[in-house]
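Survey of secondary and tertiary structure
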Amino acid sequence: MLIVRNLSKSYKAGEPILRDVSFELNRGEMAVLTGPSGAGKSTILKMIYREERPDSGEIKLDQYNVTKIRPYQIPRLRRHLGVVFQDFKLLPERTAWENVALALEVAGKSRRQISSRVTELLRLVGLLQRSGNYPHQLSGGECQRVAIARALANQPLLLLADEPTGNLDRENSQSLLELIREINIQGCSVLMATHNVDLLAALPYRKLYLKNGMVTESIE
Ligand code: ADP
């Protein structure tokens, strides 16, 4: 479903960040992209949602040739991706409910569809009771759960998570990883970037290790 082939990338005149990155992710699979801070994990994710482009190589997601599509096709590609970030990126002046609903409004869903889907999503992430709260009234862990609900709103082919536990304490990180795992078990493919290997050491995720511009695989 996701094919990443021979990516290379340099920013401006610097040394290449990525030299030759290749991996594949099957439908329904979950993998964690690890590696030191600055190795280029975010850059790979950005290329998948077409925020950046490689110097060479290609990315295919389902029927999309991500590296080749034209700018006007990018919104369509992004409708098939859910993305969560370290800093949540929730709209501060909207409640948890409204943050999730907005993703469905933009996709043209009816009010009735929106209402039942937002209920379902906030229940999934364990926050139905907090749906009227604004981001500043929620903890970091809760904000990230809202961000996940929003990312899943339109049933993406793939959930991309870029250091989703980066702003969370250990306990919240662990429970967030359990939530992401549960979402994967329910059928959503997941690619998560993190440098926090401690947290993942004991977990049976497929691991892609990025170092010196190359990805190697280790299954532990
Ligand atoms: P990671 O997610 O593994 O921490 P990043 O992909 O964020 O790594 O960054 C990889 C390297 O590329 C870093 O050295 C970073 O400073 C550099 N970098 C990232 N984005 C840009 C950019 N837009 N312009 C210049 N350099 C960048």
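See the structure printed just above.
To keep things clear, this report deals only with the structure shown in the data block. In this text the structure is predicted, and so the values were computed from the model without any measurement.

1. Looking at the nonpolar core
Ranked by size, the top nonpolar core spans 38 residues in total, and within it Ile148 and Met192 carry the most contacts. Counting residues per element, this core draws most heavily on helix H5 (residues 140-152), which supplies 7 residues. Judged by nonpolar contacts, the second largest core, of 33 residues, contains Phe23, Ala31, Ile44 and Ile69.

2. Describing the environment of leucine 25
Position of leucine 25 among the secondary structure elements: in strand E2 (residues 16-25). Taking relative accessible area as the criterion, leucine 25 reaches 0% and is therefore assigned buried. Each C-alpha atom, one on leucine 25 and one on isoleucine 3, is 6.6 Å from the other, the two residues being 22 residues apart in sequence. Leave out the neighbours within four places in its chain, and leucine 25 touches Met1, Leu2, Met30, Ala31, Leu158, Ser189, Val190, Leu191 and Arg206.

3. Details of the site of the ligand
Contacts to the ligand come from Tyr11, Ile17, Pro36, Ser37, Gly38, Ala39, Gly40, Lys41, Ser42 and Thr43. Here a nitrogen atom of the ligand and a side-chain polar atom of tyrosine 11 are 3.5 Å apart. Between alanine 39 and the ligand, the recorded distance is 3.1 Å, taken from a backbone N or O atom to an oxygen atom. Isolated, the ligand exposes 560 Å² of accessible area, and the fraction of that covered by the protein chains is 59%. Here the shell around the ligand takes 3 residues from helix H1 (residues 41-48), the largest share from any one element. Here the residues of the shell around the ligand sort into 4 nonpolar, 5 polar and 1 charged.

4. Quick notes on the packing of helix H3 (residues 96-106) against helix H4 (residues 111-124)
In contact at an axis separation of 10 Å, H3 and H4 are set at 130° when each is read in the N-to-C sense. As the angle between them shows, H3 and H4 are arranged oblique. The crossing of H3 and H4 is right-handed. Of the residues in H4, those touching H3 at Trp97, Val100, Ala101, Leu104 and Glu105 are Ile114, Ser115, Arg117, Val118, Thr119, Leu121 and Leu122.

5. Quick word on the pairing of strand E3 (residues 30-34)
In terms of burial, E3 is a largely internal element, 5 of the 5 residues being buried. Where burial is concerned, the two faces of E3 agree: the one with Met30, Val32 and Thr34 and the one with Ala31 and Leu33 are both buried. Strand direction decides the pairing type here: E3 and strand E8 (residues 189-193), joined by 4 bridges, are parallel. In the sheet register, valine 32 faces E8, and the bridge partner there is methionine 192. The pairing of E3 with strand E9 (residues 206-211) spans 4 bridges and is parallel. Counted as the bridge partner of threonine 34 is tyrosine 209 from E9.

6. Section: the pattern of salt bridges
Side chains that differ in charge, positive against negative, can pair when their charged atoms come close. Under the defined criterion, the tally for this structure stands at 11 salt bridges. Taking the shortest distance from any N to any O, the salt bridge between glutamate 58 and lysine 60 comes out at 3.8 Å. Residue lysine 60 is classed as partly exposed on the basis of its relative accessible area of 31%. When the shortest N-O distance is used, the salt bridge between arginine 206 and glutamate 217 registers 2.5 Å. Of this pair, arginine 206 sits in strand E9 while glutamate 217 is found in strand E10 (residues 214-219), placing the two residues 11 residues apart along the sequence. Looking at arginine 206, the relative accessible area reads 14%, which means it is buried. Residues joined by salt bridges that share partners form a network here, namely Arg5, Glu58 and Lys60.

7. Quick notes on the environment of valine 118
Residue placement: valine 118 occurs in helix H4. When residues no more than four places from it in sequence are discounted, the contact partners of valine 118 are Trp97, Val100, Ala101 and Leu104.

What counts, and where the lines are drawn
Residues numbered from 1 in each chain as written. Predicted model: local features only at pLDDT ≥ 70, side-chain atom pairs only at ≥ 80, totals over all residues. Heavy atoms only, no water. Core = buried A, V, L, I, M, F, W, Y, C linked by side-chain atoms within 4.5 Å. Buried < 20%, exposed > 50% of the residue type's maximum accessible area, 1.4 Å probe, protein only. Helix = DSSP H or I, 4+ residues; strand = E, 2+ residues; numbered from the N terminus. Contact = heavy atoms within 4.5 Å. Near = heavy atom within 4 Å. Polar contact = N/O pair within 3.5 Å; in protein donor to acceptor, adjacent residues only side chain to side chain. Areas by Shrake-Rupley, 256 points an atom, 1.4 Å probe, with all protein chains shown as cover. Nonpolar A, V, L, I, M, F, W, Y, C, P; charged D, E, K, R; others polar. Axes fitted to C-alpha atoms, helices over the stretch in contact; angles between N-to-C directions. Parallel < 35°, antiparallel > 145°, perpendicular 65-115°, else oblique. Left-handed = near helix turned anticlockwise from the far one by under 90°. Pairing = 2+ DSSP bridges. Salt bridge = Lys/Arg side-chain N within 4 Å of Asp/Glu carboxyl O.

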